[in-house]
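Letter by letter, the chains look like this.
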Amino acid sequence: MREMTFTDAAREGLAEEMAQNPGIFVMGEGVGTRGGNFNTTVGLYDLYGPKRLRDTPICERGFTGLCTGAAMVGAHPVVDFMFIDFELDAIGELFNQTSRIQYMSSGRLQMPILVRGSIGIFGSAGPHHSGNYYPLFMHVPGFRVVVPTTPADAKGLIKTALRSTDPVIFLEHKGLLFSKGPVPEGELLVPFGKASITREGTDVTVVAVALMVQKTLEAAKQLEQEGVSCEVIDPRTLAPLDVDTIRDSVHKTGRLLIVDEDWGPCGIGAEIAARIVDEAFDDLDAPISRLNGAFAPTPYSPSLTAGMVPNAQTIAQAIRDLLAE
Amino acid sequence: MKSLSKEALLALYRTMQIIRRTEEHLIRASASGDVLGACHTYIGEEAVAAGVCAHLTQDDVVFSTHRGHGHALAKGVEPKALIAELYGRDTGCSRGRGGSMHLFAPEVGLMGTSGIVAGSIAQATGAAYAFSLLGADHVSVAFFGDGASSNGVFHEAINLAAIWDLPVVYVCENNLYATEVPFSSVSRVPDIASRAGSYGIPGVAVDGNDVLAVHETAGEAVRRARSGEGPTLLECKTYRTRPHSEGMRDGGYRTTEEIEAWKARCPIATFERLLIAQRYATEQELAAIGDLINDAVAEAAAFAKNSPWPDPSTATDHVYSRA
Amino acid sequence: MAFEVVMPRLGWTMETGTLVEWLRRDGDSVEPGDVLFTVESDKAVQEIEALERGILHVPPDSPPPGTEVEVGTVLAYLLRPGEPLPRQAQDAASRPPKVAVVPEASAEAPKPGTAAAPAMPSRPTTAISPRARRVARELGVAWESLTGSGRTGRIVERDVRRAAEAARVAETSTRPLVEPVAKEPTMPAPWAITQPRSKPSHGTVPVTLTATADATELVRIHEQLIESLASRAQAVPTYNDLLIKLCGLALLEHQRVNAVWRSGEIIAASDVHIAIEVETESGVVAPVIRDVPSKSILSLADEVRELTQKVHGAQLKPDELQGGTFTIANLGEYGIDAFTPTINWPQSAALGLGRVVEKAGVRDGVILPRYHTVLSLTFDHRVVDGGPAARFLDSVCEYVEKPSLWLVR
């Protein structure tokens, strides 16, 4: 099977869907001839030209509102924000309008729109270019929130997103963009709401998000030497969230750890913990544990950021601590 | 005026009267409690909606404001669907989910009124973008007020339409006040139309209480858009003679003299006099039209009053396209 | 999150134990499964393994080896590197080590809503994880008396599963009995049969019957055995061994005498497990030979020898001391003819053996030299009547006098 980078796989998915649906266009800063800050659209401008690969001025509310309006009359915009941090400038438009046009129109209008941005702490990007923020979108009814972690999933999920008539927040961790993985030939669609069990195990369930999946797998390998068998789950989509797979795993293991680079309060870990306590109380042998990034804006220097983000060692220790509970 | 047929002129008149009579009913219904939430009436501004929407087909789309009853009716929403919506009933154009500020009727091209100021400006720009992309010769219209012209999205969206020659018409209804804040206090420049020059597009200011003037300038703007020549900023200077929202005070920020002066410039009364003077219609004819509309509005009100409430079990339907 | 290393409960009757020897030192890094120390309880010695990993810390006030302490007493801690001791260990000076104290009532339940882990109580709390509670329900384990290995002392799944496994092992070593004969209201805590005799039996009504048996044929059998086994490396069965066997046969026929108390009920046991009393310097120990009737004399002899060696070497395991349905005591080597053996709870009878001695006997009016031995049977009159007891004793005598009867059993 061929190996591709995460970015190339996502772009292949976008290209395939653009070829099928003339209503798909990409709007954002630098998506035209430049090919996107993160190479999200390399080569597509030459195929489709400026109307479908549209460079914008720096006006996030403006082009988000524009894309919302376009989606209301039959186009399928891809709003390429580069960084999720910039999406925050359009939050009013996204929450008040984009998320609820379908609801307000009682389903007579749909909202086929893909909102795309990179997330995560990486490369000393500093306080304005390191955010995750996905709980904000998970919290508001109307959004789908998608966080692929492998190249195959990046392709499969972006294609599903581009066939969805819901607004999709599509988030790509900067640390994963150059990671390589197998991507099958042919049609590849990954459904929303289906987690992936990336490693089977019996002693503890670990749910990890975005880049933390890789780190957790490293920790699991280490722990195998110590006789610990970890089951690692990658949710792939945070809304809808596949709680069934997590619950079945906890039924087997009795212990649950959620590893998330994002801040703890009201995060994905809090949501999963509440759901599992509600739905699998009698399966829990220990309190549910969360390992999050440090609760502070992300600074610049690596000597600071290194200790602020979970790594394989801290994840392994968190698992050991949980087993001792 | 000479270029318009009698039918066309009477159509304009009819539209304005439908708006006026429906709004008058809603004022009473608001006071009596049949209208549940906010009610921002369009009384005094009817010429703008009527003059602009006369040039639009059903496939053209309109994005409106919190003061959108006039746009809705002018675009083709029936009075009964509007009244039922404000009554919160299942037969309202938004199935009871929107109320006054969230009217949706995509079947006739009404793509939403908005509780967020300036929401219409970027969305209308986007619809225009999609028409351009998909090769449709439809036009998109954004209605907004003087208050919205202060918001960043006014600048962002109009600039985008300008640089990409989008088929959109921006209609600013400058009624001199954003709630209670006079426009003169938020802008050193008394005109909004002149801002168009910053984006390189035409900007036209017009008497918003003169339906024929509005009709003419809007016609040109729509023609430009439809032919691919790009957007136009149309500033209609007008006035609302009711409070910002029914039940709110009307004194304190403007004088009764001012209100009375503008009432004397009522667009409907002015047009009536003109039609009669130019012999396009008699007083009786116009009165008959008025009576028919009164009956229609009364019937619509009765329909709304007797309509069922939305089923509570549907409260979370349509959050997503697919469950 | 220090893990407490405590004096474990090794048998269901165990209340105290003696720390014999530490096999790992203070400061050692320990993995689960490493043997930490040995414990002597009721004359059996066991190796105790670590349940967690960590650095072993034996506090200065830990009971010194040789001390008898209550089950549950904290002996040491397993710490993570750099981890401080729990507060109570730091307050060591104010707490003397517990030594054979009367057991407390069960520990208080933890208060709901306590946030951080409180100072660890010296007794386990009765908190239990939801999963452990569910598993306890599924496996029929009474979790309330378990010691929890969870961080706050809570009982977790592994504790319940271990208890279920231990119960299963205990079950198979004391097989379920049938035929309740009589009922008795709840009795005080049972005594291990190895307790020193000074402890009174629980209100039993002991009656002793004696009968003299002509042991001449038995002596002949014994001499034949000595002769035929001389060439083999086989232990020669003693009179004691022979008596164990034929006593076992007789008990099969007189099950009412083979009666034991279990859960407040008296049960006539169908299996015969005979405890044989062995005298040691520090008291009497009575290892149990299981299923006596099914064993050959030779294997019985081997087993008796092996058990006796274990007794003297203090190597018996707790389950080798449990489950007896009848006891045999032998004072013949001390020149005793007859005595009143005492009953060992929860049994209902015991047979005392005296010496085999050559005496004048009468046969058909003629005085002949014959071998005699007196058999003394003490039975609990609450459980067994005189008649059945006498009939049993008569059977034993018959087997002594006519060994050929063994062939048809």
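What counts as what
Residues numbered from 1 in each chain as written. Chains lettered and ligands numbered in written order. Predicted model: local features only at pLDDT ≥ 70, side-chain atom pairs only at ≥ 80, totals over all residues. Heavy atoms only, no water. Helix = DSSP H or I, 4+ residues; strand = E, 2+ residues; numbered from the N terminus. Polar contact = N/O pair within 3.5 Å; in protein donor to acceptor, adjacent residues only side chain to side chain. Contact = heavy atoms within 4.5 Å. Expected span 1.5 Å × (residues − 1). Buried < 20%, exposed > 50% of the residue type's maximum accessible area, 1.4 Å probe, protein only. pLDDT = per-residue confidence, 0-100. Pairing = 2+ DSSP bridges. Axes fitted to C-alpha atoms, helices over the stretch in contact; angles between N-to-C directions. Phe/Tyr/Trp six-rings, centres within 6.5 Å; stacked < 30°, edge-to-face > 60°. Lys NZ or Arg CZ within 6 Å of the ring centre and 35° of its normal. Buried area = accessible area lost by both parts, 1.4 Å probe. Salt bridge = Lys/Arg side-chain N within 4 Å of Asp/Glu carboxyl O. Nonpolar A, V, L, I, M, F, W, Y, C, P; charged D, E, K, R; others polar. Parallel < 35°, antiparallel > 145°, perpendicular 65-115°, else oblique. Left-handed = near helix turned anticlockwise from the far one by under 90°.

**Student:** Outline the side chain of C:Glu320, listing residues and values.
**Tutor:** All names here are of chain C. Within the secondary structure, Glu 320 sits in the loop between α6 (297-312) and β17 (326-330). Within the structure, Glu 320 has its side chain in polar contact with the side chain of Lys 310 (distance 2.7 Å). Residues within four places of Glu 320 in sequence aside, it is in contact with Pro 287, Val 288, Leu 307, Lys 310 and Gln 315.

**Student:** Provide a residue-level description of α6(C), including the pertinent values.
**Tutor:** Residues and elements named next belong to chain C. Taking 1.5 Å per residue, 16 residues should reach 22 Å; α6 reaches 23 Å between its end C-alpha atoms and fits that length. Buried residues of α6: Ile 297, Leu 300, Ala 301, Glu 303, Val 304, Leu 307, Lys 310 and Val 311, and no others. In this structure, the buried residues of α6 make contact with α5 (239-253), β13 (274-276), β14 (278-280), β15 (283-285) and β16 (288-289). Looking one or two residues past α6, Ala 314 carries a phi angle of roughly 50°, positive in sign.

**Student:** A description of the confidence of the model for chain B should follow, citing residues and the corresponding values.
**Tutor:** Averaged over chain B, the pLDDT score is 95; the fraction of residues at 70 or greater is 99%. Overall fold confidence for the complex sits at a pTM of 0.65, while the interface term, ipTM, reaches 0.86.

**Student:** How would you summarise the sheet that holds strand β6 (residues 144-146) of chain A if you had to cite specific residues and measurements?
**Tutor:** Residues and elements named next belong to chain A. The seven strands lie next to each other as β3-β2-β4-β5-β7-β6-β12, forming an open sheet whose pairing is mixed. The outermost strands of the open sheet, each flanked by one partner alone, are β3 (53-55) and β12 (237-239). If you compare each strand with its neighbour and ignore which way they point, the axes differ by 20° on average. Here strand β2 (residues 24-28) pairs with β3 via three bridges, running parallel. Counted as the bridge partner of Gly 28 is Asp 55 from β3. Across the sheet, helix α3 (residues 60-72) lies against β2, β4 (76-83) and β5 (113-119), angled at about 160° from β4, the strand it touches most.

**Student:** If you had to explain unusual backbone geometry to someone new, which residues and values would you point to?
**Tutor:** Cis geometry marks the peptide bond from A:Ala239 to A:Pro240; its omega dihedral reads 0°. The amide bond that connects C:Trp345 to the next residue, C:Pro346, takes the cis arrangement and shows omega of 5°. Non-glycine residue A:Tyr133 carries a positive phi angle of around 60°. With respect to the element layout, A:Tyr133 can be found in the loop between β5 and α7 (134-139). Residue B:Ala118 is not a glycine yet carries a positive backbone phi of 75°.

**Student:** An account of the packing of aromatic side chains is needed here, citing residue identities and associated values.
**Tutor:** Considering all chains together, one arrives at 17 aromatic pairs over all chains under this definition. Both rings, one in A:Phe95 and one in A:Phe137, keep their centres 5.8 Å apart while their planes meet at 85°; by these two values the pair is edge-to-face. In this pair, A:Phe95 is assigned in helix α5 (residues 91-96) and A:Phe137 in helix α7, connecting sequence segments 42 residues apart. Residues A:Phe95 and A:Phe137 agree in their burial class; the two are buried. On the basis of an interplanar angle of 55° and a centroid distance of 5.8 Å, the ring pair of A:Phe95 and A:Phe143 is categorised as tilted. Separated by 48 residues along the polypeptide, A:Phe95 in helix α5 and A:Phe143 in the loop between α7 and β6 bring together distant segments of the chain. Its relative accessible area of 19% is what places A:Phe95 among the buried residues. In this structure A:Phe143 comes out as buried when scored by relative accessible area, which is 0%. Put simply, the rings of B:Tyr177, B:Tyr239, B:Tyr253 and B:Trp262 touch in pairs and so form one group of aromatic residues. Note that A:Arg52 overlies the ring of A:Tyr48, its terminal NZ or CZ placed 4.5 Å from the centroid. Across from the ring centre of A:Tyr103, 4.2 Å away, lies the NZ or CZ of B:Arg97, which sits over that ring.

**Student:** Can you lay out the interface of chain A and chain C for me, pointing to particular residues and giving the numbers?
**Tutor:** Contacts between the two partners involve 19 residues from chain A, matched on the other side by 15 residues from chain C. For the chain A and chain C pair, buried surface summed over both sides reaches about 1200 Å², with 39% attributable to carbon and sulfur atoms. Three residues stand out in chain A for area buried against chain C, namely A:Asp282, A:Asp285 and A:Glu325, and they jointly supply 44% of the buried area on that side. Run the count over chain A and chain C and you get four salt bridges. Notably, a salt bridge pairs A:Asp283 with C:Arg134, separated by 2.7 Å at the nearest N-O pair. Across the chain A-chain C interface, the total number found is 13 residue pairs in polar contact (both at pLDDT 80 or more). Secondary-structure elements contributing two or more residues to the side of chain A that touches chain C are α10 (243-253) and α13 (312-324) of chain A. Class assignment of the residues belonging to the side of chain A that touches chain C gives a composition of seven nonpolar, four polar and eight charged.

**Student:** How would you explain the packing of helix α1 (residues 6-32) of chain B against helix α8 (residues 211-226) of chain B if you had to name every residue and give the values?
**Tutor:** Residue and element names in this part refer to chain B. Axis separation between α1 and α8 bottoms out at 11 Å; the angle between their running directions is 110°. The angle between α1 and α8 places the two elements in the roughly perpendicular class. Between α1 and α8 lies a crossing whose hand is right-handed. Touching Leu 9, Leu 12 and Met 16 of α1 are Val 211, Leu 212 and His 215, all from α8. A breakdown of the residues in the contact of α1 with α8 according to their chemical character gives five nonpolar, one polar and no charged.

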